[in-house]
Amino acid sequence: MLTFEQKQQIIETFPELTRKEVSMKRLNYHYEDSLYDKTVVVQHLHPNGNGFVYVEGIPGYEADDRGLVNIREATEEELKATIRDAIKALSTEEEAKEEELLEEVWVNEQGQKLTLLEEEGFFNIYHGYNLEESFGDYQEATDYLKEENFKLGGGESV
């Protein structure tokens, strides 16, 4: 396990992070150029070697309910990679990720509209704001819509 001082040296190799002292001799490191309200990258680095890195929404990490992962047992390379990933996530615009998601409007002969949305890995069909059906893949969802006599139209694929 890396010592407090070793972790502090590693973290301070990231010039974009600003050190701030908090209670009980703990340190936080902020990314002031964050595109989000969240700026803390390293939280509560403690002299006993414990500490956390903010990784909410980053694939490959098992974050707690606050979006943090514990770095107590992290190796030097793990710590560097986790901090790099956290900074990248805080400097990447969310809209770019959202633009990749699918949104289609399907219409039947009576003019009724259903919206097919890709959300968190599922393809959900909505009637207004109400969830009509949910599918694990796009083909299943479109097969269902076709069976119900809906055709793609009235909206664009995003």
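Look up a bit, the structure's there.
Residues numbered from 1 in each chain as written. Predicted model: local features only at pLDDT ≥ 70, side-chain atom pairs only at ≥ 80, totals over all residues. Heavy atoms only, no water.

Draft legend 1. Broad picture of the sheet that holds strand β5 (residues 68–70). In space, the five strands of this open sheet follow the order β1-β2-β3-β4-β5, with antiparallel pairing throughout. Each edge of the sheet is formed by a strand with only one pairing partner; in this case those strands are β1 (17–21) and β5. Strand-to-strand twist of the sheet, defined as the mean angle between neighbouring strand axes without regard to direction, takes the value 20°. Bridge count between strand β2 (residues 27–31) and strand β3 (residues 40–45): three bridges; the pairing is antiparallel. Residue pairing for β3: Y29 is matched across the bridge by V42. With respect to the sheet, helix α1 (residues 4–11) is in contact with β1, β2 and β3, its orientation differing from that of β3 by roughly 165°. The strands touched by helix α2 (residues 76–90) are β1, β2, β3, β4 (52–54) and β5; relative to β4, the strand with the most contacts, the crossing angle is about 30°. (Pairing = 2+ DSSP bridges. Helix = DSSP H or I, 4+ residues; strand = E, 2+ residues; numbered from the N terminus. Axes fitted to C-alpha atoms, helices over the stretch in contact; angles between N-to-C directions. Contact = heavy atoms within 4.5 Å.)

Draft legend 2. Representation of the pattern of salt bridges within the structure. The full count for this structure, using the stated rule, is five salt bridges. In this structure, D64 and R66 form a salt bridge, with 2.9 Å as the shortest nitrogen-oxygen distance. Judged by its relative accessible area of 28%, D64 is partly exposed. By relative accessible area, R66 is classed as partly exposed at 42%. Between K80 and E76 there is a salt bridge, with its nearest N and O atoms 3.1 Å apart. You can see K80 and its partner E76 sitting in helix α2, four residues apart, about one turn around the helix. Looking at K80, the relative accessible area reads 21%, which means it is partly exposed. (Salt bridge = Lys/Arg side-chain N within 4 Å of Asp/Glu carboxyl O. Buried < 20%, exposed > 50% of the residue type's maximum accessible area, 1.4 Å probe, protein only.)

Draft legend 3. Region of the structure containing the nonpolar core. If you look at the biggest cluster of nonpolar residues, it comprises 26 residues, and the most contacted ones within it are L17, V41, V53 and I83. Listing elements by their share of this core, those giving two or more residues are α1, β2, β3, β4, β5 and α2. The element that contributes the greatest number of residues to this core is α2, accounting for five residues. Those residues within four positions of V53 in sequence are excluded, and the remaining contacts are V41, V42, G67, L68, V69, I71, L79, T82, I83 and A86. One finds W106, L116, F135 and A141 within the second-largest nonpolar core, a separate group that totals 11 residues. (Core = buried A, V, L, I, M, F, W, Y, C linked by side-chain atoms within 4.5 Å.)

Draft legend 4. Just α2, in detail. Helix length check: α2 (15 residues) gives 21 Å between terminal C-alpha atoms against 21 Å at 1.5 Å per residue, within 8%. Residues of α2 that are buried: L79, T82, I83, A86, I87 and L90. One face of α2 carries all of its buried residues, which in axial projection span an arc of 130°. Exposed and oriented more than 90 degrees from the buried face of α2 are E77 and K88. For α2, the elements touching its buried residues are α1, β1, β2, β3, β4 and β5. (Expected span 1.5 Å × (residues − 1). Arc of directions from axis to C-beta.)

Draft legend 5. Main features of the environment of L114. Mapping L114 onto the fold places it in strand β7 (residues 113–119). Measuring from C-alpha to C-alpha, the distance between L114 and L152 comes to 9.5 Å, with 38 residues separating the pair along the chain. Other than its neighbours up to four places away in sequence, L114 contacts E104, V105, W106, I125, Y126, H127, L145 and F150.

Draft legend 6. Fine view of the packing of aromatic side chains. The tally for this structure, following the rule as stated, stands at two aromatic pairs. Pairing F123 with Y138 gives two aromatic rings, centres 5.9 Å apart and planes at 70°, and the pair type is edge-to-face. In this pair, F123 is assigned in strand β8 (residues 122–127) and Y138 in helix α4 (residues 138–147), connecting sequence segments 15 residues apart. Residue F123 is classed as buried on the basis of its relative accessible area of 11%. (Phe/Tyr/Trp six-rings, centres within 6.5 Å; stacked < 30°, edge-to-face > 60°.)

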